[in-house]
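Per-entry structural report
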Amino acid sequence: MDLHYLTAHELGGLLQHREVSAVEATEALIDRIEALDGRVQAYLTRTAEQALEQARAVDAARARGEEPGPLAGVPMALKDNLCTEGVRTTCASRILGDWVPPYDAAVVRRLKAAGAVILGKLNMDEFAMGSSTENSGFFPTRNPWDLERVPGGSSGGSVAAVAAGEAVYALGSDTGGSIRQPASFCGVVGLKPTYGRVSRYGLVAFASSLDQIGPITRDVTDCALVLGAIAGHDPFDSTAADLPVPDYRAALKPGIKGLKVGVPREYFGAGMEPEVEAVIRRAIAKLEELGAICEETSLPHTEYALPAYYLVAPAEASSNLARYDGVGFGLRVPGRDIIEMYMNTRSQGFGPEVKRRIMLGTYALSSGYYDAYYLKALQVRTLIRRDFETAFTKYDLLATPTSPTVAFRLGERAGDPLAMYLSDLCTIPINMAGLPALSLPCGFSQGLPVGLQLIGKAFDEVTLLQAAYTFEQSTTYHRRRPELGVA
Amino acid sequence: MEYEAVIGLEVHTELKTNSKAFCGCTTAFGGEPNTHVCPVCLGLPGVLPVINRRVVEFGLKTALALNCQVEPFCKFDRKNYYYPDLPKNYQISQYDLPLARKGYLTITVDGQERVIGITRVHMEEDAGKLIHVDGPDGGYSLVDYNRTGVPLLEIVSEPDLRTPAEARAYMEKLKTILQYLDVSDCKMEEGSLRCDANVSVRPRGSQVLGTKTEVKNMNSFRALQRALEYEIERQIAVLEGGGQVQQATMAWDEARGVTYIMRTKEEAQDYRYFPEPDLVPLEIDGDWIEQVRAGLPELPDARCHRLINDYGLPAYDAGVITSSRALADYFDRVVSLYPDAKVVSNWIMGDFLRLLNAAGLEPGSSPVPPEEMAALLQLQKEGTISGKIAKQVLEEMFATGKGARLVVEEKGLVQISDAGALARIVEEVLAANPGVVEDYRNGKDKALGFLVGQVMKATKGKANPGLVNQLLKERL
Ligand SMILES: [Zn+2]
């Protein structure tokens, strides 16, 4: 049996029935990583020893007759911007050096309590800034479907690991599409929950008002399962909503008859690959066939989302990243005085994209420019939110492409930041509005996966997951695996 | 030309909440460096702040006591600047929507009462401390983050102050109010109360404001007054010399008694304020405001008026007694047991404060509790001891912590009011001083005082002075 390609709920079932032990599952995944990661390059840090220890603890609990839950003993991995006590956390940046957090992120604490086996920390664009994982300060991750292509980003390592069977599931973070766009590129399910659904405590901040942690899984059931494990109020995050967490998995019932789905025309604009559009149109037709009522609609302020995002996100980032100064932790490059030490440390520690965004954000917040840039962007944000509010008075869900293209080639956009930014055209407005959205496999173009993005009402992940589940149950795209030339 | 100064003060006060503003660390002063810290106040990657409810409550108390309007909606902002004592390189503060605005307090200088406007009250977090270690190549600096994240209130006055004495009176009054509210230790020397001043001068009568400077680093009331006196003279001298005041941030050098330029307008920081995305805006519930208002203690002005109106105390006495909440509490307690307020006030403002100051003690930690002070006054009133003896007894009570009655008994200080016993001593004194007796009989009234003194001396001051007088007059 290929344990590495089982979903969490499948493997969890085998573990609960003691048909497989957590140690066996963990060893299978460690072997898989050993065999494959030299080519995929998803992992920045592997924690095999710790994983086996966690697996043994779960096996011991089950041997005692305890049932620690469906995720207990299932090997997974974390994007490397989630703090892990005692395990180095780099954000794929040189500036953090070998910084080891003294605490676990809230989601890590929750997963550990649920018996998760953590295989390691996954590559990403430095500080989650990028759409291809080429901005990693260490090395780029490859797309398992075509090793010459990018996996998307910034959660490229998380998505590649799940697609390649190097983790059963992973956590990523999504500020402007960083879970959904790579999920689309690598043919897996990626959910960005509603802003405030999951605690951000211990997620190294990029843009605090947009960041959200979410699951990356091989099917919708796992997505529901993992969301249920990480969601909920946290006294350490004032922006985490104090709302009850539904049993997402139990809510997965197929059937979308009568569901009203809006298809905003602005998401099918110039720059979209015709073949990708065709796949998306077919997926929408499939939703109709399954009973949904789909109709074209409009979100008129969509075109302003990207420019507004590139003011809000860099502005917050310029402040969030100010703490990397060589004083308290991480890299320090000495200088003659404190100012020179700051400059040397930050010049050498940050990569070019991070520097670009710090400069953009610093500029946008500067005295005399604040009103014209930052404040204006906040106003645009309000308009975008209203667009969605209006649409949701008519529709239960919105359906769009996740990305206008399939995965591009390594290096293809690396020299052109604007072309790279356009990759997130369809995902950014959702972060600006704080809404939940997921990408799920809905077909292939040029042999590469294409993702359908479903957008839901705030805190209505249930409807989102149900629709995705119904679609998934009547298709087989999620069962296709990349050919990686290993058993 | 005659000039007048225009002064506004920005006061920072550390709140004495148990834990810091945005994490659970203790706010205790002192402690080994970097022991009162956690990932949040160290600004480690990934952490988030959570507002301490007590900070808002203390802010509300202060705002209400300063007659401010509490804003129904306020938010936190980030003030961005690089400094090694600020681990995040931004300070969480409040920028355009502070906790409260538009208040005032009243000061009295040279018998003149003035109302000073308060522009705003807002919450923010304190920074750590840098300790510079000298050495080759200029040495190095160490950072102590214990103070990082301790809650501060910033209280900004209107530019309503006109003299250094008024500025000092404002600061003293503010300190008194904060102490009445029990929200801050207000120790300027420990930095729990700090003050910056904006100062400009203009020809008297002019309505146009002159160019201002901001003066920092004044660590006592005296320093505040001296620094302002110096800075005002300096600005006037610049104008008189035909020059222009340069807009700048000045520092007060206490040792040299001068202000000097720290940075000019051109070097001013751009703090790039923007709303703190990690905290949700605060909507302060009207019920909470009313609850806090109802729980406010009696404030210095009200208490002062009560002492004047209810007890007939002179305004000066009432002002001194209410300048400290602990002293006023002490007074009230003594008066409740010994209801002659003027006598109590005389004793407290006289010997009691003298002994306290000499011992360097606060009224709350006096070795003589108010009950024993009342007992002492009662002994005097009953005639058990004389006023002179009472002073001795109080000193003994201060030194030993013993009760009034116990000291009087142990030391045998009970007043001699036995006419028979005193008559004998009077006879002896008269027999020993025939010349003085003669003088008295010849009309020298002063001679009687000498004879009383001799009787008192013979009885070590314990004789009842009224009785001695009476007996002497009878015998003469
Ligand atoms: Zn702390």
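Residue positions within a chain follow its written sequence, with the count starting from 1. Written order decides the labels, with chains lettered from A and ligands numbered from 1. Where local features are concerned, this predicted model is filtered to residues with pLDDT of at least 70; where side-chain atom pairs are given and counted, the filter is 80 or more; whole-chain, interface and lining totals use all residues. Think of the side-chain values as coming from all heavy atoms in the structure, minus any hydrogens and water.

**With respect to the overall build of chain B**
Our working definition: In DSSP terms, a helix is any run of H or I states spanning at least four residues, a strand is any run of E spanning at least two, and both are numbered starting from the N terminus. The quantity called the radius of gyration is restricted to C-alpha atoms. Its globule counterpart is 2.2 Å times the number of residues to the power 0.38. The classification of residues rests on relative accessible area computed with a 1.4 Å probe and restricted to protein chains. Under 20% of the type maximum is buried, over 50% is exposed, and intermediate values are partly exposed. In what follows, a contact means two residues having at least one pair of non-hydrogen atoms within 4.5 Å. Calculation of accessible area relied on Shrake-Rupley with a 1.4 Å probe; when residues are assessed, cover is drawn exclusively from the protein chains displayed. Under this rule, positive means Lys or Arg and negative means Asp or Glu; His and the chain ends count for nothing. The location of each charge is read from NZ of Lys, CZ of Arg, CG of Asp or CD of Glu.
A tally of regular secondary structure across chain B gives 15 helices and 16 strands. In terms of overall dimensions, chain B is more spread out than a globule: its C-alpha atoms have a radius of gyration of 30 Å, far above the 23 Å expected for 476 residues. Dimensions of chain B along its principal axes, counting C-alpha atoms only, are 90 × 55 × 55 Å. Here chain B holds 476 residues, and 51% of them are scored as buried. By sequence separation, contacts in chain B at least 24 residues apart represent 68% of the contacts at least 6 residues apart. Carbon and sulfur atoms make up 50% of the accessible area of chain B, which amounts to about 22000 Å² in all. Across chain B, the 54 positively charged side chains and the 67 negatively charged ones have centroids separated by 4 Å.

**Considering the pairing of strand β6 (residues 100–109) of chain B**
Residues and elements named next belong to chain B. What counts, and what does not: Two strands qualify as a pair provided DSSP detects at least 2 bridges between them.
Here strand β2 (residues 69–70) runs beside β6; their pairing, made up of 2 bridges, is antiparallel. Within β6, the position partnered with V70 by the bridge is A100. Pairing of β6 with strand β7 (residues 112–125) involves 9 bridges; the strand directions are antiparallel. By the bridge assignment, I107 is partnered in β7 with R114. The turn linking β6 back onto β7 is made up of 2 residues, and D110 within it adopts a positive phi angle of 50°.

**Some details on the coordination of the zinc ion**
Geometry reference: four tetrahedral donors at a metal, ideal angle 109.5 degrees. Six octahedral donors, ideal angles 90 or 180 degrees. Residue and element names in this part refer to chain B. Worth spelling out the cut-off: Any nitrogen, oxygen or sulfur atom within 2.8 Å of a metal ion counts as a donor, with the limit raised to 3.2 Å for Na, K and Ca, and since water is left out, coordination shells can look unfinished. Site shape is set this way: if four donors have all angles between 85 and 135 degrees, tetrahedral; if opposite donors are over 155 degrees apart and all others between 65 and 115, square planar for four donors and octahedral for six; otherwise irregular.
Bound to the zinc ion are the protein donor atoms C23 (SG), C25 (SG), C38 (SG) and C41 (SG), situated 2.3 to 2.4 Å from the metal. For the zinc ion, the 4 donor atoms in the first shell make angles of 101 to 115° at the metal, so the coordination geometry reads as tetrahedral. For the zinc ion, the single-chain donor residues occur in sequence as C-x1-C-x12-C-x2-C. You can see C23 sitting in the loop between β1 (3–14) and α1 (53–65) and its partner C38 sitting in the loop between β1 and α1, a full 15 residues away along the chain. The buried category is assigned to C23, whose relative accessible area is 13%.

**A short note on the pattern of salt bridges**
Residue and element names in this part refer to chain B. Note the following rule: Whenever a carboxyl oxygen of Asp or Glu lies within 4 Å of a side-chain nitrogen of Lys or Arg, that contact is scored as a salt bridge.
Within this structure, the stated rule accounts for 53 salt bridges over all chains. Two residues, E254 and R226, come together in a salt bridge whose shortest N-O distance is 3.2 Å. A residue pair is termed long-range when its members are at least 10 positions apart, and E254 in the loop between β13 (248–253) and β14 (258–264) and R226 in helix α3 (residues 221–240) qualify at 28 residues. Relative accessible area serves as the criterion here: at 26%, R226 is assigned to the partly exposed category. A salt bridge links R303 to D329; its shortest N-O distance comes to 2.7 Å. Of this pair, R303 sits in helix α5 (residues 300–311) while D329 is found in helix α7 (residues 325–337), placing the two residues 26 residues apart along the sequence. Residue R303 is classed as buried on the basis of its relative accessible area of 6%.

**Let's talk about the domain arrangement of chain B**
All names here are of chain B. Stated formally: In this document the domain limits rely on a domain assignment from an automatic tool or a database. In this description, buried area is defined as the sum, over both parts, of the accessible area (probe of 1.4 Å) that is lost when the two are combined.
Domain annotation of chain B identifies domain 1 (3–290), domain 2 (298–410) and domain 3 (419–475). Computed over C-alpha atoms only, the centres of domain 1 and domain 2 are separated by 36 Å. Facing 9 residues of domain 1, the contacting portion of domain 2 comprises 10 residues. Counting each side, the surface lost to burial between domain 1 and domain 2 is near 720 Å², with a carbon and sulfur contribution of 58%. The largest share of the area that domain 1 buries against domain 2 comes from K173, T176 and Y180, three residues that together contribute 72% of it.

**What about the sheet that holds strand β5 (residues 90–93) of chain B?**
Residues and elements named next belong to chain B. Strand order in the open sheet formed by 3 strands is β5-β4-β15, and the pairing between neighbours is antiparallel. At either end of the open sheet lies a strand with only one pairing partner, and these are β5 and β15 (274–275). Here strand β4 (residues 77–80) runs beside β15; their pairing, made up of 2 bridges, is antiparallel. Bridge pairing in β15 places R78 opposite F274.

**Re the environment of P87 of chain B**
For P87 of chain B, the location among the structural elements is in the loop between β4 and β5. Accessibility expressed as a relative area gives 8% for P87 of chain B, which makes it buried. Remark: the alpha-carbon pair of P87 of chain B and Y145 of chain B, spanning 58 residues in sequence, is separated by 8.3 Å. In this view, P87 of chain B contacts R323 of chain A together with C41, L42, G43, Y145 and T148 of chain B; residues no more than four positions away in its chain are not counted.

**As for the nonpolar core**
Rule in force here: By nonpolar core we mean a set of buried residues, namely Ala, Val, Leu, Ile, Met, Phe, Trp, Tyr and Cys, connected to one another through side-chain atoms within 4.5 Å.
Among the nonpolar cores identified, the biggest contains 170 residues, and L111, F127, Y169, L171, F388 and L452 of chain A are the most heavily contacted of them. For F388 of chain A, the contacting residues outside a window of four places in its chain are Y267, L299, L398, P429, I430, A433, L435 and I455 of chain A. Residues L15, A167, L353 and V408 of chain B belong to the second largest nonpolar core, which totals 108 residues.

**Overview of the pairing of strand β3 (residues 117–122) of chain A**
Residues and elements named next belong to chain A. Going by this rule: Look down the strands so they point away from you; if the path from the first strand over the helix to the second goes clockwise, the crossover is right-handed.
With 6 of its 6 residues buried, β3 lies for the most part within the structure. Here 4 bridges tie strand β2 (residues 75–79) to β3, and the two strands are oriented parallel to one another. Residue pairing in the sheet places P75 in a bridge with V117 of β3. Crossover β2 to β3 through helix α4 (residues 106–113) is right-handed.

**As for the state of the cysteines**
Each disulfide consists of a covalent bond between the sulfur atoms of two cysteine residues. We apply this condition: The rule for a disulfide is simple: a pair of cysteine sulfur atoms within 2.5 Å.
Tallied over the entire structure, the rule returns 0 disulfides over all chains. Here C74 of chain B stays unpaired: no disulfide links it, and the sulfur of C68 of chain B, its closest cysteine neighbor, is 13 Å away.

**Some remarks on the side chain of R346 of chain A**
Counting through the fold element by element, R346 of chain A comes out in helix α10 (residues 338–349). No salt bridge is formed by the buried R346 of chain A, whose closest oppositely charged neighbour, D325 of chain A, lies at an N-O distance of 7.0 Å.

**Considering the packing of α1 of chain B against helix α4 (residues 286–294) of chain B**
All names here are of chain B. Note the cut-off: Axes, fitted as lines to C-alpha atoms, cover a helix only where it is in contact. Angles between the N-to-C directions of the axes lie from 0 to 180 degrees. Should the near helix be turned anticlockwise from the far one by less than a right angle, the crossing is termed left-handed; should it be turned clockwise, right-handed. When residues are sorted by character, Ala, Val, Leu, Ile, Met, Phe, Trp, Tyr, Cys and Pro go into the nonpolar class, Asp, Glu, Lys and Arg into the charged class, and all the rest, Gly among them, into the polar class.
Put simply, α1 and α4 touch, their axes get as near as 9 Å, and they point 65° apart. For the pair α1 and α4, the sense of crossing is right-handed. Residues R53, V56, E57, L60, K61 and L64 of α1 touch α4, and the partners they reach there are W288, I289, V292 and R293. Each residue belonging to the contact of α1 with α4 can be placed in one class, and the counts come to 6 nonpolar, no polar and 4 charged.

**Examining the packing of aromatic side chains**
What counts is decided by this rule: Pairing of aromatic rings covers Phe, Tyr and the six-membered ring of Trp, with a centre-to-centre limit of 6.5 Å; geometry is then stacked below 30 degrees between planes, edge-to-face above 60, and tilted otherwise. Only lysine NZ and arginine CZ atoms are considered, and such an atom sits over a ring when it is within 6 Å of the ring centre and within 35 degrees of the ring normal.
Within the structure shown, the criterion is met by 25 aromatic pairs over all chains. Both rings, one in F185 of chain A and one in F408 of chain A, keep their centres 5.7 Å apart while their planes meet at 90°; by these two values the pair is edge-to-face. Placement of the pair is F185 of chain A in helix α6 (residues 180–186) and F408 of chain A in the loop between β9 (397–401) and α13 (417–422), with a sequence separation of 223 residues. Given a relative accessible area of 2%, F408 of chain A falls into the buried group. Aromatic side chains F22 of chain B and F76 of chain B sit 5.7 Å apart centroid to centroid with 85° between the ring planes, which places their arrangement in the edge-to-face category. Remark: F76 of chain B occurs in the loop between β3 (73–74) and β4 and F22 of chain B occurs in the loop between β1 and α1; sequence separation between them is 54 residues. A cation sits over an aromatic face here: R480 of chain A above F444 of chain A, 3.8 Å from the ring centre.

**A closer look at the interface of chain B and chain A**
With 29 residues of chain B in contact, the opposing surface of chain A contributes 37 residues. A buried area of about 2600 Å², summed over both sides, lies between chain B and chain A, and 58% of it is on carbon and sulfur atoms. Taken together, the connections running from chain B to chain A amount to 1 salt bridge. Here D278 of chain B ties to R200 of chain A by a salt bridge, and the two come within 3.1 Å at their closest N and O atoms.

**Structural notes on the sheet that holds strand β6 (residues 212–217) of chain A**
Residues and elements named next belong to chain A. Pairing is mixed across the open sheet formed by 11 strands, whose spatial order is β1-β3-β2-β4-β6-β5-β10-β11-β9-β7-β8. Every other strand in the sheet has two partners, leaving β1 (43–46) and β8 (293–297) as the edge strands with one partner each. The average angle at which neighbouring strand axes cross in this sheet is 30°, direction not considered. Where β9 meets strand β11 (residues 448–455), 4 bridges bridge the pair, whose relative direction is antiparallel.

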